[in-house]
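# Breakdown of the fold
If you want the building blocks of each chain, they are given just below.
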Amino acid sequence: MLFIIGIIIIIVMIYNLGWKEIVNDIKNVGWWIIPIVLSRLLMYPLNTLSWRKVTFFGEGEEQKVSFLRMFRLTISGYAINYITPVMALGGEPYRIMAMKKDIGTKRATSSVLTYAMMHILSHFVFWIIGFLLVFVYFLSTDLELNPFREIVLICGGVFILISIIAIAFIIRVYKHGVIIRFISLLKRIPFVKNIINRKLTEEKLLSVQETDKQFTDLFNNHRKSFYVSLFYETLSRIMSCVEIMLVMWAVVGINSVSFIGAIIINTLTSLIANIVFIFPMQVGIREGGLSAALAFIGPYGKLGVFVGMILRISELLWIIIGMGMIKIKRFNRN
């Protein structure tokens, strides 16, 4: 079903982007399209390492599921997330269904949930790094302080504070669990409370408590694995900026944007894209964010739509690869 839905959405995406536009844009960037697409191979292995670190933190446990299998599930899971209309969470249930064959439903649920929280946590860490670089970049260059840049700098300071608060909250969740607390929150809603009390039997409650305990075990008893996983996931976000840098090199010229500049662009763009999260692939939102980010670092604001188009082509190709990995049965074995 996921494969069929994915194919339909891919066809819709190609239709909306325009097949001729896609071909023309690929021709315009020429051979650069190859390193642009392959640049995600710097990111996905780090995502996989991060996921493995929060899944297997006992001695010899990593042998239960091969790295290659989790690498494939990482790519296909993100492919599903890209096409999920609301909050981009469709890949998580898919990963749980795939992993429960190897490590059981409870462990698979806690593994995917823990990694999903790590993915969110790394985003706030990345924003802190990114906005600090925004300040350093502005102070170290002769950029004029216009109203637009002033707003960006003020927002940067605000979001650094928000990110610090969010990190503290997420770490608290890691300490005390999330599933039971979420159920308790839902029980405060009158009509939902009755459904939960009817469906959540004592046996199921014990199962949920055990899953929650596995979730908290990482931070409370295996803190080294926690920080190593966070490092891998944050590094993955940083390495994802290589794609933007290569696109700018293809469009404007080599060394037109530095790696630091690409991190700044990604910081500002991802911030806007995550604020407006209900649109599939953030259609139109990403282009606006790119235009604003490119205008901040230099005279590239008008290139936002074209740069966004190239990034979408790269993303579309990885969606096709990821959806193909769902269908190929041998990819579902160790």
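Residues numbered from 1 in each chain as written. Predicted model: local features only at pLDDT ≥ 70, side-chain atom pairs only at ≥ 80, totals over all residues. Heavy atoms only, no water.

Each aromatic ring pair is summarised here by two numbers: the centre-to-centre distance and the angle between the ring planes. Considering all chains together, one arrives at twelve aromatic pairs under this definition. Ring geometry for F67 against F71: centres 6.1 Å apart, planes inclined by 10 degrees, an arrangement best described as stacked. Pair noted here: F67 and F71 are both in helix α5 (residues 67-83), with a separation of four residues, about one helical turn. Classification of F71 as buried rests on a relative accessible area of 15%. Between F124 and W127, the ring centres sit 5.5 Å apart and the planes meet at 80 degrees, which makes this aromatic pair edge-to-face. Of the two residues, F124 and W127 both sit in helix α7 (residues 105-140), three residues apart, roughly one turn of that helix. On the basis of relative accessible area, F124 is assigned to the buried category, the value being 16%. (Phe/Tyr/Trp six-rings, centres within 6.5 Å; stacked < 30°, edge-to-face > 60°. Helix = DSSP H or I, 4+ residues; strand = E, 2+ residues; numbered from the N terminus. Buried < 20%, exposed > 50% of the residue type's maximum accessible area, 1.4 Å probe, protein only.)

Turning our eyes to something else, we now look at helix α8 (residues 147-176). The first and last C-alpha atoms of α8 sit 43 Å apart over 30 residues, in line with the 44 Å expected at 1.5 Å per residue. Every buried residue of α8 is accounted for by R149, V152, L153, G156, F159, I160, S163, A166, I167, I170, V173 and Y174. Positive phi shows up at G177, right after α8, with a value of about 95 degrees. (Expected span 1.5 Å × (residues − 1).)

This next bit is on a nonpolar patch on the surface. There is a patch of nonpolar side chains on the surface, built from I34, L38 and L41 and spanning about 270 Å² of accessible area. Relative to the elements of secondary structure, L41 occurs in the loop between α3 (33-38) and α4 (44-55). (Patch = residues over 30% accessible without salt bridge, like charges linked within 9 Å, V, L, I, M, F, W, Y side chains within 5 Å. Areas by Shrake-Rupley, 256 points an atom, 1.4 Å probe, with all protein chains shown as cover. Salt bridge = Lys/Arg side-chain N within 4 Å of Asp/Glu carboxyl O.)

Turning next to the environment of T109. Here T109 lies in helix α7. According to the relative accessible area criterion, T109 is partly exposed, its value standing at 21%. Spatially, the C-alpha atom of T109 lies 5.6 Å from that of I96, the residues being 13 residues apart in sequence. One polar contact links the side chain of T109 to the main-chain carbonyl oxygen of T105, over a distance of 2.7 Å. (Polar contact = N/O pair within 3.5 Å; in protein donor to acceptor, adjacent residues only side chain to side chain.)

What follows deals with the side chain of E233. Take E233: it is sitting in helix α12 (residues 223-239). Beyond its immediate sequence surroundings of up to four residues, E233 is in contact with N47, S50, Y78, Y115, M118, H119 and S122. (Contact = heavy atoms within 4.5 Å.)

Before going further, it helps to spend a moment on the pattern of salt bridges. Taken as a whole and judged by the stated rule, the model has four salt bridges. Among the salt bridges present, the one from E315 reaches R40, with a minimum N-O distance of 3.8 Å. Here R40 lies in the loop between α3 and α4 and E315 lies in helix α16 (residues 304-327), a separation of 275 residues in the sequence. E315 gets classed as buried once you look at its relative accessible area, which sits at 4%. The partner of R95 in a salt bridge is E92, with the nearest N and O atoms 3.5 Å apart. Note that R95 and E92 are positioned in helix α6 (residues 91-103) at a spacing of three residues, about one turn of the helix.

Further remarks concern unusual backbone geometry. Of note in the backbone geometry, N255 takes a positive phi value of approximately 70 degrees without being a glycine. Judged by its relative accessible area of 61%, N255 falls in the exposed class.

W51, M99, L121, F131, Y174, I265 and F296 are the most contacted members of the largest nonpolar core, which has 86 residues in total. Leaving out residues up to four positions away in the same chain, I265 has contacts with I244, V257, L290, A293, L294 and I297. (Core = buried A, V, L, I, M, F, W, Y, C linked by side-chain atoms within 4.5 Å.)

This part covers the packing of α4 against α5. Packing of α4 against α5 leaves a shortest axis separation of 9 Å and a crossing angle of 110 degrees. In terms of orientation, α4 and α5 fall into the roughly perpendicular class. Here Y44, P45, N47, T48, L49, W51, R52 and T55 of α4 lie close against α5, whose contacting residues are F67, M70, F71, L73, T74, I75, Y78 and Y82. Classifying every residue of the contact of α4 with α5 gives eleven nonpolar, four polar and one charged. (Axes fitted to C-alpha atoms, helices over the stretch in contact; angles between N-to-C directions. Parallel < 35°, antiparallel > 145°, perpendicular 65-115°, else oblique. Nonpolar A, V, L, I, M, F, W, Y, C, P; charged D, E, K, R; others polar.)

Where like charges cluster on the molecular surface, the positive patch consists of R172, K175, R181 and R223. Tracing the sequence through the fold places R172 in helix α8. R172 sits in the partly exposed class, given a relative accessible area of 48%. (Lys, Arg positive; Asp, Glu negative; His and termini not counted. Charge placed at Lys NZ, Arg CZ, Asp CG, Glu CD.)

Attention now moves to the packing of helix α9 (residues 179-186) against helix α11 (residues 202-221). It is the contact of α9 with α11, at a shortest axis distance of 8 Å, that shows an interaxial angle of 130 degrees. Our classification of the angle between α9 and α11 gives oblique. Within the contact between the two elements, α9 uses I179, I180 and I183 and α11 uses L205, V208, Q209, T211 and D212. Of the residues in the contact of α9 with α11, the class split is five nonpolar, two polar and one charged.

The residue A292 is located in helix α15 (residues 285-297) in this model. For the pair A292 and G304, spaced twelve residues apart in the sequence, the C-alpha separation amounts to 7.8 Å.

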